[in-house]
Structure formats: C-alpha cells, structure tokens
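Secondary and tertiary structure notes
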Amino acid sequence: MGIFAVYPKLKTSNQTKGQKEFPCLLRGMGIWLPSQVWAIGITCIPIKHGHMRLAAIIDWHSRCLVGWGLSGTPATIDSSQGSQFTSGEYAALMQRHGIRQSMDGKVRW
C-alpha cells in the first residue's frame with residue numbers, strides 16, 4: 001500500500017568543519033508580536049523519479065506560512081542545525097538583513 005512512518009532520522013543535521021553554530025534564543029522568550037520570530041525548516045519529499053526539497057518559513061506568533069514575496073523581515077529566525085542554515089552564505093544573508101539567528105538543539109523537529 002506504500003504506507004510508512006515519517007519520523008526524523010539520526011544524523012540529518014551533520015555539520016562540516018568550520019560551520020558556525022548559533023545558540024537557541026527562544027528559551028523563556030515570550031512571543032507576542034507578528035514577525036517577532038520566524039522559524040524555517042527544510043524537508044525532502046519523495047516523488048516518482050527522485051525527490052524535491054521543501055523549505056517553509058512560519059511566523060511563530062500567527063502560525064501562518066510566510067510568503068516568498070514578503071517585504072518585511074523578522075528580528076529573529078529559528079532553524080535546525082542543518083548545513084544549509086549554518087553555511088557562511090546563509091549567515092551573511094541573515095546578518096545583512098539584521099536578523100538574529102537562533103538554533104534548536106539536535107534531534108528537535
């Protein structure tokens with residue numbers, strides 16, 4: 001029937017040498033404003049001839065997906081410790097826009 005469990009696999013957020021880690025800034029933080037904190041994640045979706053990657057950003061206050069054409073920026077963005085979020089290019093992009101990076105601990109999904 002093609003039915004199987006979907007759950008996090010071990011070691012999906014392996015880092016390479018020189019990648020930067022950021023602390024989790026959200027512990028004990030009250031979130032009461034839209035665009036105060038966004039969260040980003042990426043997943044792999046199997047399709048007939050391979051896979052596609054899905055990245056999504058949500059606003060923690062409203063729990064709404066943030067559109068790709070949005071002109072605003074959050075004060076803080078929370079992500080996993082995946083290499084796409086610890087790369088120098090990504091960190092530089094966040095810094096250019098004045099966005100603080102926050103990362104949850106390993107095996108958090």
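Report on the accompanying structure.

About the criteria used
As a convention, each chain's residues are numbered from 1 in the sequence order in which they are written. Restriction of local features to residues with pLDDT of at least 70 applies here, the model being predicted, together with a cutoff of 80 or more for giving and counting side-chain atom pairs; totals for whole chains, interfaces and linings are based on all residues. Only heavy atoms go into the side-chain values, all of them from the structure, while hydrogens and water stay out. Every helix listed is a DSSP run of H or I at least four residues long, and every strand listed is a run of E at least two residues long, numbered separately from the N terminus. Definition of a polar contact: a pair of N or O atoms within 3.5 Å, with one able to donate and the other able to accept a hydrogen when the atoms are protein atoms, and with sequence-neighbouring residues admitted only if both atoms are side-chain atoms. A 1.4 Å probe rolled over the protein chains alone gives each residue an accessible area, and that area as a share of the maximum for its type sets the label: buried under 20%, exposed over 50%, partly exposed in between. Buried Ala, Val, Leu, Ile, Met, Phe, Trp, Tyr and Cys residues form a nonpolar core when they are joined through side-chain atoms within 4.5 Å. Throughout, a residue-residue contact means that at least one pair of heavy atoms, one from each residue, lies within 4.5 Å. Pairing between strands is defined by DSSP: at least two bridges between the two strands are required. Every angle, taken between N-to-C directions, lies between 0 and 180 degrees, and every axis is a line fitted to C-alpha atoms, over only the stretch in contact when it is a helix.

Attention now moves to the environment of Gly-82. You can see Gly-82 is positioned in the loop between β3 (76–79) and α1 (83–86). Residues Gly-82 and Gly-41 lie 41 residues apart in sequence; the distance between their C-alpha atoms is 9.1 Å.

Following the sequence through the fold, Arg-63 ends up in the loop between β2 (50–59) and β3. Of the polar contacts made by the side chain of Arg-63, one reaches the backbone oxygen of Trp-60; its length is 2.9 Å.

Turning our attention to the side chain of Gln-101. When you line up the elements, Gln-101 lands in strand β4 (residues 100–103). On the accessibility criterion, Gln-101 (8% relative accessible area) is buried. A distance of 3.2 Å separates the side chain of Gln-101 from the backbone oxygen of Phe-85, its partner in a polar contact.

To continue, consider the nonpolar core. Residues Phe-22, Trp-38, Ile-40, Val-66, Ile-77, Phe-85, Tyr-90, Ala-91, Met-94, Ile-99 and Met-103 constitute the largest nonpolar core, which totals 11 residues. It is helix α2 (residues 88–96) that contributes the most residues to this core, three residues altogether. Apart from the residues within four sequence positions on either side, Ile-99 is in contact with Thr-73, Pro-74, Ala-75, Thr-76, Ile-77 and Met-94.

Time to look at the sheet that holds β3. Here four strands make up an open sheet; going across it, the order is β2-β1-β3-β4 and the pairing mixed. Bordering the open sheet on either side are β2 and β4, each of which pairs with just one other strand. Taking each pair of neighbouring strands and ignoring which way they run, the sheet shows an average axis angle of 25°. Taken together, the four bridges between β3 and β4 define a ladder with parallel strand orientation. By the bridge assignment, Ser-79 is partnered in β4 with Met-103.

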